[in-house]
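Here's the letter readout for the chains.
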Amino acid sequence: MQLMAVSISGKMTDSLPKLVAHTARALIGAISDPVMLCAGNGTVTATNKAMLVFLQKTGATESAKIDGMSIFDVFPTNEEQLNKIISLCKSQSGIFPATLQMPDTANSSDQDRIPLQASMLQLNGNRPSHVLLRFLTLNSVSKHRFEELNATLRNKNKQLLIEREMARKDAHTGVWQRATLFEELPRYIQTSKDQSTPTSFVVIDLDDFKEINDRYGHPCGDLVLSSVGGLLLKACRSKDKVARIGGEEFAMILPNTSISEAQRACQRIRHNIKETIINYDDQIISITASFGVTEIADGDDSEDVYKRADYALYSAKKAGRDKVVSVAAALDDINIDADDGLSND
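Draft legend 1. Inspection of the nonpolar core at higher detail. In terms of nonpolar packing, the biggest core is built from 28 residues, with Val224, Met252 and Phe291 touching the most fellow members. The leading source of residues in this core is helix 8 (residues 218–235), at 6 residues. Excluding residues within four positions of it along the chain, Val224 makes contact with Leu206, Phe209, Ile212, Ile278, Ile285 and Ile287. The next biggest cluster of nonpolar side chains, apart from the first, holds 27 residues, and it includes Leu52, Ile85, Ala118 and Val131.

Structure below.
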């Protein structure tokens, strides 16, 4: 059985097994500084003894037990800051410095800002689930040292973000890798459902790409892939996501985009690809691409969405390549756009 090593700063190294309540309590109980563990919704799931003493001394609570309470009730004047901390931990890896306002028991009219460090832990499978808050009291670190530590952490976090983003991208094209796309797609599906907004998914395949590799060599093929990846990134909005999901196959997630809007966007991209001329070793390389488009529907999971878009792509290939084909959720509405079906909008 693998356990997670948690330092006093809350750094996460490995994933814990799912049934971890006793182990988590034992881990944070061994930390000398005040430590609190919260679920993603802010519910306090565990604290150590130092945390309870700290809360009573600062006047935050007189309760001997806060497990099960909301962290927003424990620190009612810090709701905005706590939301920022939890949101940051959910979205990024690293250890994040912050401060909270605490009532001063010696003078109730004053407010002390207490430094802390926060990070996200994986306590339920392989996905982030809990936020660990480590409070830095005056006994544990001086203000100057705290600022030094935070500056170091900020630099490390920036580097971690850069390295994480690089690891998520395809080396040849600069777009997401396949694994990144299918890791993120469920979140877009859920957002589309929660907000009742359309989101479309597109699969793109470069036509006759094998012939380019066979005739001109793999370096030429890599140049073609890089050019298409750059073209897709340039054609998409900042909120759209592009990935390379196979040898010559790409995919796009288009939030807030209906299937008809996605069709028109893909027709423009298809046209741009067809007009792209690639020079390689004094040779002129022309390329075309086929597109399969679908819109996320109620009850869809990632596999449903991909299979439907892939079916549309197959239909585009069967219709003669260099086509945009859309398929509705029920697979009973297939739309094959004409080659010149561009729309000005």
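Draft legend 2. Spotlight on the packing of aromatic side chains. Applying the stated rule across the entire model yields 3 aromatic pairs. Between Phe54 and Phe135, the aromatic rings sit 5.3 Å apart at their centres with planes inclined by 40°, giving tilted as the arrangement. Here the residue Phe54 occupies a position in helix 2 (residues 49–58), and Phe135 occupies one in strand 5 (residues 130–135), the gap between them amounting to 81 residues. The exposure classification of Phe54 matches that of Phe135, with both residues buried.

Draft legend 3. The arrangement of helix 2 in detail. If you check which residues of helix 2 are buried, you get Met51, Leu52, Phe54, Leu55 and Thr58. Buried positions in helix 2, seen along its axis, are confined to an arc of 160° and lie on one side of it. Opposite the buried face of helix 2, by more than 90 degrees, sit the exposed residues Lys49 and Lys57. Just downstream of helix 2, Gly59 is the residue with a positive phi angle, here 80°.

Draft legend 4. Molecular detail of helix 6 (residues 178–195). With 18 residues, helix 6 extends 26 Å between its outermost C-alpha atoms, agreeing within 8% with the 26 Å of an ideal straight helix rising 1.5 Å per residue. A maximum bend of about 30° is found in helix 6 at Glu184, where proline Pro186 lies one to four positions downstream. Buried within helix 6 are the following residues: Thr180, Leu181, Glu184, Leu185, Tyr188, Ile189 and Ser192. Turning to helix 6, the residues buried within the fold contact strand 6 (199–206), strand 7 (241–244), strand 8 (249–255) and helix 10 (302–318).

About the cut-offs
- Residues numbered from 1 in each chain as written.
- Predicted model: local features only at pLDDT ≥ 70, side-chain atom pairs only at ≥ 80, totals over all residues.
- Heavy atoms only, no water.
- Core = buried A, V, L, I, M, F, W, Y, C linked by side-chain atoms within 4.5 Å.
- Buried < 20%, exposed > 50% of the residue type's maximum accessible area, 1.4 Å probe, protein only.
- Helix = DSSP H or I, 4+ residues; strand = E, 2+ residues; numbered from the N terminus.
- Contact = heavy atoms within 4.5 Å.
- Phe/Tyr/Trp six-rings, centres within 6.5 Å; stacked < 30°, edge-to-face > 60°.
- Arc of directions from axis to C-beta.
- Expected span 1.5 Å × (residues − 1).
- Bend = angle between axes of the 7 residues up to and from the residue.

Scope: geometric values only; no functional claims are made or implied.
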